[in-house]
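# Commentary on secondary and tertiary structure
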Amino acid sequence: MTSCWSLLPFGIVIMVLMISPYPANGLTCDETAGILNPCQDFLVGSGPPTPSASCCGAVKKLVSKLTSRQVRRDLCECMKQIILAFHIDVGKLQYIIPQYCKVTIPVPLDPNADCSKASLF
C-alpha cells in the first residue's frame, strides 16, 4: 500500500508536466520526468546515497537529447518545474550526479535560473 501512495504524487506531477508549455523540440517535460524516473529516489533523498547505474544512464540519455540551444532552454524551464514539483535536492542534481555519473549537464539546474538569459552552450 505504501508504494501505491508514493506513486500517486509522481503520477499527478507527470499529468501536470504533460500540459507544460515547454516542449523541448520533441522532448516534452513529461518525457523528461519519465527519463529521470530512475533518479527519483536518489534526488528526493529516499534512496541510496549515490545515484544508481540506471540513474546515470538516464541522465546520459537526457543529455544526448540536448542538441540545440532552444532544446536546452526548454529543458531548463522544465527542470525548474521538476525540481519544485518533486522537492529535489538541487545539490545532488547539480554536483553529485555530474561527478558520480561523469557527465556534463549543459543546463542550469536551479529553480531560480533565468533560462532565457542562461549561457547554454
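Scroll up a little and you will see the structure.
Described in the following lines is the structure provided in the data block.

Conventions adopted
Residues numbered from 1 in each chain as written. Predicted model: local features only at pLDDT ≥ 70, side-chain atom pairs only at ≥ 80, totals over all residues. Heavy atoms only, no water. Helix = DSSP H or I, 4+ residues; strand = E, 2+ residues; numbered from the N terminus. Buried < 20%, exposed > 50% of the residue type's maximum accessible area, 1.4 Å probe, protein only. Contact = heavy atoms within 4.5 Å. Areas by Shrake-Rupley, 256 points an atom, 1.4 Å probe, with all protein chains shown as cover. Core = buried A, V, L, I, M, F, W, Y, C linked by side-chain atoms within 4.5 Å. Patch = residues over 30% accessible without salt bridge, like charges linked within 9 Å, V, L, I, M, F, W, Y side chains within 5 Å. Salt bridge = Lys/Arg side-chain N within 4 Å of Asp/Glu carboxyl O. Disulfide = S-S within 2.5 Å. Phe/Tyr/Trp six-rings, centres within 6.5 Å; stacked < 30°, edge-to-face > 60°. Lys NZ or Arg CZ within 6 Å of the ring centre and 35° of its normal.

### Let's talk about the overall build of the protein chain
Helix and strand counts for the protein chain come out as 6 helices and 0 strands. Starting at the N terminus and walking to the C terminus, you meet the elements of the protein chain as α-α-α-α-α-α. The 121 residues of the protein chain split such that 43% are buried. For the protein chain, contacts bridging at least 24 residues in sequence account for 66% of all contacts bridging at least 6. Approximately 6700 Å² of the protein chain is accessible, and the part contributed by carbon and sulfur atoms is 60%.

### Re the nonpolar core
Counting residues in hydrophobic clusters, the biggest one holds 34 residues, and the most contacted among them are Val 59, Ile 82, Leu 93, Ile 97 and Ile 105. The dominant element in this core, judged by the number of residues it contributes, is helix H5 (residues 69-86), at 8 residues.

### A look at the environment of Lys 60
For Lys 60, the location among the structural elements is in helix H4 (residues 53-64). On the accessibility criterion, Lys 60 (41% relative accessible area) is partly exposed. The spacing of Lys 60 and Thr 104 is 44 residues in sequence and 8.8 Å in space, taken between C-alpha atoms. In this structure, Lys 60 is in contact with Cys 101, Lys 102 and Val 103, ignoring residues within four places of it in sequence.

### Points about a nonpolar patch on the surface
Among the surface-exposed residues, Tyr 95, Ile 96 and Tyr 100 lie close enough to one another that they form a single nonpolar patch of about 330 Å² accessible area. A residue is classified by how much of its surface remains accessible, and Tyr 100, at 44% relative accessible area, is partly exposed.

### Concerning the state of the cysteines
Inspection of every chain in the model, using the stated rule, returns 4 disulfides. The disulfide that involves Cys 56 links it to Cys 101, with 2.0 Å between the sulfurs. Taking the sign of the torsion about the S-S bond as the criterion, the disulfide between Cys 56 and Cys 101, at about -70°, is left-handed. Taken as a pair, Cys 56 in helix H4 and Cys 101 in helix H6 (residues 90-101) lie far apart in primary sequence, 45 residues in all.

### Description of the packing of aromatic side chains
What describes a pair of aromatic rings is the distance from one ring centre to the other and the angle between the planes of the rings. As enumerated under the stated definition, the model contains 0 aromatic pairs in all. When the ring centre of Phe 42 is taken as origin, the NZ or CZ atom of Lys 92, which lies over that ring, is 4.7 Å away.

### Looking at the pattern of salt bridges
For the structure on display, the rule yields 1 salt bridge. The closest approach of N and O atoms between Glu 77 and Lys 80, which form a salt bridge, is 3.6 Å. Taken together, the positions of Glu 77 and Lys 80, both in helix H5 and 3 residues apart, correspond to about one turn of that helix.

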